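# Examining the three-dimensional arrangement
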Amino acid sequence: MKTLKIAIQKSGRLNEKSVELLKNCGLSFENYKSSLISPVSNFPLEILFLRDDDIPEYVQDGIADLGIVGENVINETEVDVAYLQMLGFGKCSLKLAIPNQCSIKTLSDLNGKSIATSYPVILRKFLEKNFVQADIRTISGSVEISPGLGLSDAICDLVSTGGTLKSNGLTPFADVLHSEAVMIGRKGIENDPLIIELIQRVQSVLRAKETKYVVLNIEEKNLDAIKALLPGIKSPTVVPLAEKGWAAVHTVIPEKDFWSKINELKAAGAQGIVVMPIEKIIL
Ligand code: ATP
Ligand code: MG
């Protein structure tokens with residue numbers, strides 16, 4: 001049987017979540033920091049641990065069949081790969097930022113200015129689209145210190161909370177790109193049965209993350225009101241309690257409107273509400 005290869009970040013912001021996702025998909029492998037390649041013992045897959053910058057090209061060139069990497073890196077390397085699944089972690093934005101109290105107010109004020117970035121390809125396209133002619137200074141790290149050192153007038157860098165910008169006296173000015181981690185594949189691999197199986201597992205893990213399993217008790221006379229509030233996967237499960245006139249309702253509810261839903265359930269007479277995490281949801 002053929003063995004697929006998936007490239008993930010060796011260390012850094014995406015490593016831990018990528019390893020966790022693959023483990024939650026039921027894949028068994030050792031995560032030694034020293035090894036570059038780790039076989040999965042219960043699926044025909046090998047894991048390659050790489051610098052994130054190298055992952056898109058490895059996948060494009062077929063050295064790896066799959067990869068997990070930020071969209072920012074994919075766009076910067078301009079590779080031709082298939083997006084198999086957005087993963088919902090590693091969320092960040094590539095932003096233009098300027099020193100606090102500087103004269104730049106609109107994008108056109110960047111004409112003739114210099115901008116430091118590690119993302120020259122994405123920035124060049126953004127500036128072209130907005131008819132701005134600026135001098136792009138490519139630097140590989142610590143972009144946020146360059147205005148303070150007099151190296152550039154502005155920067156274009158990845159931001160998640162904005163804390164790094166703030167502590168360097170910079171203010172976000174415009175969004176260039178929103179990014180999150182994505183599972184990519186070599187073009188043409190989308191219909192491979194092993195890939196379909198793996199993506200199905202990934203989706204069942206992601207779906208479970210977005211939902212909670214809820215069990216509650218309700219007097220039978222209030223059951224219709226409760227059922228109207230709960231969709232469940234098909235519909236809620238209702239089982240009678242030993243105490244006459246009472247039932248237990250089992251269902252799943254989305255994480256995003258969790259608290260408002262719990263309050264509605266309580267108002268409709270729900271008691272003894274138990275909430276549990278879900279490991280997987282297979283449809
Ligand atoms: P490598 O050693 O693998 O090249 P790196 O230093 O280039 O790692 P990290 O800083 O570990 O990269 O970030 C990896 C990815 O995490 C980024 O490409 C981006 O998609 C995502 N990310 C999420 N939040 C942030 C953030 N605040 N700053 C930078 N990257 C972020
Ligand atoms: Mg990198």
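- Per an unreviewed UniProt entry, the protein chain goes by the name ATP phosphoribosyltransferase and belongs to Pararcticibacter amylolyticus.
- Its UniProt record gives the protein chain the following Subcellular location (unreviewed entry) comment, quoted word for word: "Cytoplasm".

### So, the coordination of the magnesium ion (ligand 2)
- Bound to the magnesium ion (ligand 2) on the protein side are Asp-52 (OD) and Asp-53 (OD), at distances that span 2.1 Å.
- In this structure Asp-53 comes out as partly exposed when scored by relative accessible area, which is 37%.

### Focus on the pattern of salt bridges
- Considering all chains together, one arrives at 13 salt bridges under this definition.
- A salt bridge links Asp-80 to Lys-187; the shortest N-O distance between them is 2.7 Å. Of this pair, Asp-80 sits in the loop between α3 (71–77) and β5 (82–86) while Lys-187 sits in the loop between β11 (181–185) and α6 (193–209), placing them 107 residues apart in sequence.
- Using a relative accessible area of 46% as the deciding quantity, one classes Asp-80 as partly exposed.
- You can call Lys-187 partly exposed: its relative accessible area is 45%.
- Here Lys-280 makes a salt bridge to Glu-279, at a shortest N to O gap of 3.0 Å.

### Examining the sheet that holds strand β8 (residues 135–138)
- The strand order across the open sheet built from 5 strands is β8-β7-β9-β6-β10, with neighbouring strands paired in mixed fashion. Lying at the two open borders of the sheet, with one neighbouring strand each, are β8 and β10 (170–179). The mean inter-strand angle of the sheet, taken between neighbouring strand axes irrespective of direction, is 25°.
- Alignment of strand β7 (residues 114–117) against β8, held across 4 bridges, turns out to be parallel. Bridged to Ala-116 within β8 is Arg-137.
- Helix α4 (residues 120–129) contacts β6 (92–99), β7, β8, β9 (154–159) and β10 of the sheet and is inclined by roughly 170° relative to β8.

### Here we look at unusual backbone geometry
- Even without being a glycine, Glu-78 presents a positive backbone phi close to 55°.
- Structurally, Glu-78 is set in the loop between α3 and β5.
- Unlike most non-glycine residues, Phe-131 shows phi in positive territory, near 55°.
- Along the chain, Phe-131 falls in the loop between α4 and β8.

### Some points on the side chain of Ser-179
- By the element assignment, Ser-179 lies in strand β10.
- Relative accessible area serves as the criterion here: at 6%, Ser-179 is assigned to the buried category.
- Separated by 3.0 Å, the side chains of Ser-179 and Asn-72 make a polar contact.

### So, the site of ligand 1
- Around ligand 1 lies a shell of 16 residues, among which Arg-51, Asp-52, Asp-53, Asn-72 and Ser-160 are the nearest.
- Note that an oxygen atom of ligand 1 is positioned 2.6 Å from one of the side-chain N or O atoms of Arg-51.
- Within the contact set of ligand 1, an oxygen atom lies 2.8 Å away from a side-chain nitrogen or oxygen of Asp-52.
- Of the pockets mapped on this structure, ligand 1 occupies the largest pocket.
- Tallied by class, the residues present in the shell around ligand 1 amount to 4 nonpolar, 7 polar and 5 charged.
- A domain split of the shell around ligand 1 shows at least three residues from each of domain 1 (4–89 + 180–208) and domain 2 (92–178).

### Details of the packing of aromatic side chains
- Applying the stated rule across the entire model yields 1 aromatic pair.
- Between Lys-23 and the ring centre of Phe-29, over which it is positioned, the NZ or CZ distance is 4.6 Å.

### Here's the deal with helix α1 (residues 15–24)
- Every buried residue belonging to α1 is among Asn-15, Ser-18, Val-19, Leu-21 and Leu-22, and all of these are buried. With its buried residues spanning 160° around the axis, α1 presents them on a single face.
- In this fold, the buried residues of α1 make contact with β1 (4–9), β3 (45–50), β4 (66–70) and α6.
- Residue Gly-26 follows α1 closely and has a positive phi angle near 85°.

### Quick look at the nonpolar core
- Ranked by internal contacts, the top residues of the largest apolar core, which has 31 residues, are Ile-6, Leu-27, Ile-68 and Leu-87.
- Going through the elements one at a time, β1, α1, β3, β4, β5, β11 and α6 are the ones with two or more residues in this core.
- Here this core gets 7 residues from one element, more than from any other, and that element is α6.

The rules behind these values
Residues numbered from 1 in each chain as written. Chains lettered and ligands numbered in written order. Predicted model: local features only at pLDDT ≥ 70, side-chain atom pairs only at ≥ 80, totals over all residues. Heavy atoms only, no water. UniProt positions renumbered as here; feature names shortened; annotations may be inferred. Donors = N, O, S within 2.8 Å, 3.2 Å for Na, K, Ca; no water. Buried < 20%, exposed > 50% of the residue type's maximum accessible area, 1.4 Å probe, protein only. Salt bridge = Lys/Arg side-chain N within 4 Å of Asp/Glu carboxyl O. Helix = DSSP H or I, 4+ residues; strand = E, 2+ residues; numbered from the N terminus. Pairing = 2+ DSSP bridges. Axes fitted to C-alpha atoms, helices over the stretch in contact; angles between N-to-C directions. Contact = heavy atoms within 4.5 Å. Polar contact = N/O pair within 3.5 Å; in protein donor to acceptor, adjacent residues only side chain to side chain. Near = heavy atom within 4 Å. 1 Å grid on protein atoms, 1.4 Å probe; cavity = no way out; pocket = protein on both sides within 12 Å on 5 of 7 lines; lining within 4 Å. Sits in = over half its atoms within 2 Å of the grid points. Nonpolar A, V, L, I, M, F, W, Y, C, P; charged D, E, K, R; others polar. Domains from an automatic or database assignment. Phe/Tyr/Trp six-rings, centres within 6.5 Å; stacked < 30°, edge-to-face > 60°. Lys NZ or Arg CZ within 6 Å of the ring centre and 35° of its normal. Arc of directions from axis to C-beta. Core = buried A, V, L, I, M, F, W, Y, C linked by side-chain atoms within 4.5 Å.

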